[in-house]
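Working through the structure, step by step
Letter by letter, the chains look like this.
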Amino acid sequence: MIWIDTIIQGILLGGLYALFAAGLSLVFGIMRLVNLAHGDLIVLGAFLILVLVTALGLNPFLATLVAIPLMFALGWGLQLVILNRTLGDDILPPLLVTFGLSIVIQNGLLEGFSADSQRISAGALETASIPLGPVTVGVMPLLTFLSALAVIVALNQLFYRTSLGRAFRATSDDPVTAGLMGIEPNRIFAVATGIAFVVVTIAALYLGTRANFDPTIGPARLIYAFEAVIIGGLGSLWGTLAGGIIIGVAQTVGAAINPEWQILAGHVAFLVVLAVRPRGLFPKGL
Amino acid sequence: MAFLETRALTASYGDFQALFGVDIALEAGETIAIIGANGAGKTTLLRSITGILRNGADQVLFDGKPIGTASPPEIVRHGIAMVPEGRRLFPSLTVEENLLIGRYGRKAEGLWNLDTVYDLFPVLRQRRNSPGTALSGGQQQMVAIGRALMSNPRVLLCDEISLGLAPVIIRDIYAAFPRIRQSGAAIVVVEQDIGQALKVADRVYCMMEGRVTLSGKPADLSRDAIHNAYFGTA
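Residues numbered from 1 in each chain as written. Chains lettered and ligands numbered in written order. Predicted model: local features only at pLDDT ≥ 70, side-chain atom pairs only at ≥ 80, totals over all residues.

A closer look at the overall build of chain A
Helix and strand content of chain A: 11 helices and 2 strands. Along its sequence from the N terminus, chain A presents helices and strands in the succession α-α-α-α-β-β-α-α-α-α-α-α-α. Taking 286 residues into account, the globule formula puts the C-alpha radius of gyration at 19 Å, and chain A, at 19 Å, falls close to it. Its C-alpha atoms give chain A principal-axis dimensions of roughly 60 × 50 × 35 Å. Out of the 286 residues in chain A, the part that is buried amounts to 50%. (Helix = DSSP H or I, 4+ residues; strand = E, 2+ residues; numbered from the N terminus. Rg over C-alpha atoms; globule rule 2.2 N^0.38 Å. Buried ≥ 20, exposed ≤ 12 C-beta atoms within 10 Å, placed from the backbone.)

What follows is the structure, encoded as C-alpha cells:
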C-alpha cells in the first residue's frame, strides 16, 4: 500500500513539473527559443502573487487571476521588445540574453524582497485531503495535477482547433511563408510568449503555495522543466506531462527508499530515458 | 497608370546585384508571364513585389500607391497573394488548414472560400484532412494555389508552378486558370516553361541577367526574338 501511495504522490508531483515545463515547451516549440530565465520567471510570478495576496488581501487563487493578465502583458512585451531581436539562425543570442535576464530577475528580486524564504498561504486548503480509493491525497497536489491537465488540454485545443493555433504552427514551420499569408511572425511570437507567461503564472501559484521559495530557486525549477520537456520529446505537450510524471514518480520512489535520494533519483530517471530514447518518448513537431 | 507596376526596380543580395532597373506593368484583370532562364531574376522580382526583399517606396506601385517598402503581411492586405516557388506548404497543417491559413486574420470577401477552392480542385476535398506535405507534387501545387486564392487577391503571383511536375499535371493545373481569371484577379506567372507561359498570358516579359530583354503580346513575338532574349544569342 505504501508503494501505491508513493507512486500516486509522484504522479501528482509530476503535475507540478509539467506545469513548470509547459511554458518552456510552448516557446521552444513555436520559435525554437530556449528560455534560460524560465525558472526565474516562475519565481517572479510567485512573488507577484505574494504581493497581491499581502497588499490587497486577496485569496491566492484570485490573486493569480489578477496576475495572469499582468504576466501576459509582460511576456508579450518582453518578446516584442527584446527576445524577437535575438531570434535567427544563430542559437547563441537567445541563450545569452535569457541567461542575462535570469540574473537580472534574481538580483531584482533579491533587492526587492531580500533572500528570505517566502510562502503564499492557501489557508485550510494546504492541509486538506480527500480519500482517493486506497490512498488519501492532498487537495493542493490534486489541484496542481488537475491544473496541469487543464493547461495541456487547453493548449492542445488552442493549437489544433483555432485559427491562432494554425498561425502558431505555420509560423513555427516557416516564418517567411507565414508572412506571405498575412501573418506577422513577431506578433505571433509575442502572443505565444504571453500565453507561456500565463502558464508560468499558474505554475507560480502552486510553486508558492506548496513550498517555500526565495529569489534564487529559479534555475533548479528550470532544470526540472528541461528534463520534463526532453523526456517527453521536444514539442509534445502530452509528452511534457509524461516527462513531469516520470521525474515526479522517480523522486518520490527515490525518497521512499532513502530521503537523500529524492532529487538524484529524478535526474537519474532523466539520464536513463535520454540513454534509451535520445529524442524523448513522444518526439514530434508542435 | 497600370494596376501593378515596378519602376526602375533594383535588388541585391549583399554585394550581388540581381535586378538592374526592371520596369513591369500589369493591368487590372490581365495575365502576364515572366520568362527567363535560371538566375534571370524572375524570382527576385516576385520577392521584391511581395516585400520579402525591400525596395525604394516608389519602385513598386499598386493601384497608384507606393508599396515598395511594405512588409509581406502588408502586401497581402493590399490584395497581392503569392504562390511561392517550391509550394512551401506548412508541414504541420492539414490540406484544409493550409487553405484556411491563406485568409488568416481577415474576412476576405469574394468568390474564393473553402467550397469554391474545392470545386476548382476536387481532389483536395477528398484529401482535406491529410497533412499538406503527404500529397503528390501536383496536388501540393493545387493547395498552394488554393491557399493564395483564399485571400481573394486582386493580384495572384505564381512562381514556377510547373517546376518538377509532369506535363499532364501541369496541364491540369493550368486548366484552372480561366476560372481564376474570371474571378477578376490579375495574374503574374513566372515560368521557365515558355510554351505554357505563351499559352496562358496576355503579354510576356522575357528577362535575362536582371534586365527585361523583351516584352510584348505572345502573337507578336517571333520564336527567334524570344530565343535571343532568353539566351542572349540569336
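Having put the structure on the table, let's press on.
As for the overall build of chain B
Along its length, chain B carries 10 helices and 10 strands. Whereas a compact globule of 234 residues would reach a radius of gyration of roughly 17 Å, chain B reaches 17 Å, a difference of no more than 12%. A total of 234 residues make up chain B; the buried ones form 47% of that total. Taking contacts inside chain B between residues at least 6 apart in sequence as the whole, the part at least 24 apart equals 66%. (Contact = placed C-beta atoms within 7 Å.)

So, the interface of chain A and chain B
If you look at the interface, chain A gives 17 residues, while chain B gives 22 residues. Mapped by element, the contributors of at least two residues to the side of chain A that touches chain B are α6 (163-173) and α7 (175-180) of chain A. For the side of chain A that touches chain B, the leading source of residues is α6 of chain A, giving 7 residues. In terms of residue class, the side of chain A that touches chain B is built from 6 nonpolar, 6 polar and 5 charged. (Nonpolar A, V, L, I, M, F, W, Y, C, P; charged D, E, K, R; others polar.)

Examining the UniProt feature "transmembrane region" (unreviewed entry) in chain A
Residue and element names in this part refer to chain A. As recorded in UniProt, the feature "transmembrane region" (unreviewed entry) lies at residues 6-29, 41-58, 64-83, 95-115, 135-159, 188-208, 228-249 and 261-280. Regarding residues 41-58, the helix share stands at 89% and the strand share at 0%, and the terminal C-alpha atoms are separated by 21 Å. In residues 135-159, helix accounts for 84% and strand for 16%; the two terminal C-alpha atoms are 36 Å from one another. (UniProt positions renumbered as here; feature names shortened; annotations may be inferred.)

Looking at the nonpolar core
Counting 159 residues, the largest nonpolar core has L19, I49 and V199 of chain A as the members making the most contacts within it. Non-local contacts of I49 of chain A, meaning those with residues more than four positions away in its chain, are made with P60, A63, T64, A67, I120, A204, L205 and G208 of chain A. (Core = buried A, V, L, I, M, F, W, Y, C linked by C-beta atoms within 7 Å.)

Things to note about the sheet that holds strand β6 (residues 80-83) of chain B
Residue and element names in this part refer to chain B. The 6 strands are arranged β6-β7-β8-β3-β9-β10 in an open sheet whose pairing can be described as mixed. A single partner strand is all that each edge strand has here, and the edge strands are β6 and β10 (211-216). Across the sheet, the mean angle separating the axes of adjacent strands is 20° when strand polarity is ignored. Where β6 meets strand β7 (residues 155-159), 4 bridges bridge the pair, whose relative direction is parallel. Paired with M82 across the strands is L157, a residue of β7. Against the sheet, helix α1 (residues 42-49) contacts β3 (31-35), β6, β7, β8 (186-191) and β9 (203-208), and its axis sits at roughly 145° relative to β7. (Pairing = 2+ DSSP bridges. Axes fitted to C-alpha atoms, helices over the stretch in contact; angles between N-to-C directions.)

Remarks on the confidence of the model for chain A
In the predicted model, chain A carries a mean pLDDT of 93, and 99% of its residues have values of at least 70. Considering each helix and strand of chain A separately, the mean pLDDT is smallest for strand β1 (residues 129-132) of chain A, with a value of 89, and largest for helix α3 (residues 60-81) of chain A, with 97. (pLDDT = per-residue confidence, 0-100.)

Observations concerning unusual backbone geometry
Positive phi, normally seen in glycine, also occurs at R32 of chain A, with a value near 55°. Checked against the element boundaries, R32 of chain A lands in the loop between α1 (2-31) and α2 (38-56).

As for the confidence of the model for chain B
In low-pLDDT segments, the atomic positions of the prediction should not be examined closely. All names here are of chain B. Within chain B, residue pLDDT values average 91, and 98% of them lie at 70 or more. Mean pLDDT values over the elements of chain B span from 84, in helix α10 (residues 223-231), up to 96, in helix α3 (residues 95-101). Across the whole predicted complex the pTM is 0.90, and at the interface the ipTM reaches 0.90.

Quick word on α1 of chain A
All names here are of chain A. The end-to-end C-alpha distance of α1, which contains 30 residues, comes to 43 Å, matching closely the 44 Å that a straight helix rising 1.5 Å per residue would cover. Helix geometry: α1 is bent most strongly at A21, by close to 30°. Here α1 lies mainly inside the structure; 23 of its 30 residues are buried. (Expected span 1.5 Å × (residues − 1). Bend = angle between axes of the 7 residues up to and from the residue.)

Here's the deal with the packing of helix α5 (residues 139-161) of chain A against helix α8 (residues 185-210) of chain A
All names here are of chain A. Two numbers describe how α5 lies on α8: the axes approach to 11 Å, and their chain directions differ by 170°. In terms of their interaxial angle, α5 and α8 are classed as roughly antiparallel. Together, M140, T144, S147 and V151 of α5 and V199, I202, Y206, T209 and R210 of α8 make up the contact between the two elements. (Parallel < 35°, antiparallel > 145°, perpendicular 65-115°, else oblique.)

What to know about the sheet that holds strand β5 (residues 65-66) of chain B
Residue and element names in this part refer to chain B. Judged by pairing direction, the sheet is antiparallel, and its 4 strands sit side by side in the order β2-β1-β4-β5 without closing on themselves. For this open sheet the edge positions go to β2 (16-26) and β5, each flanked by a neighbour on one side alone. Sheet topology places strand β4 (residues 60-62) next to β5; 2 bridges connect them, and they run antiparallel. Residue L61 lies in a different strand from β5, and its bridge partner there is P66. Strands in contact with α1 are β1 (4-13), β2 and β4; relative to β2, the strand with the most contacts, it is inclined by about 70°.

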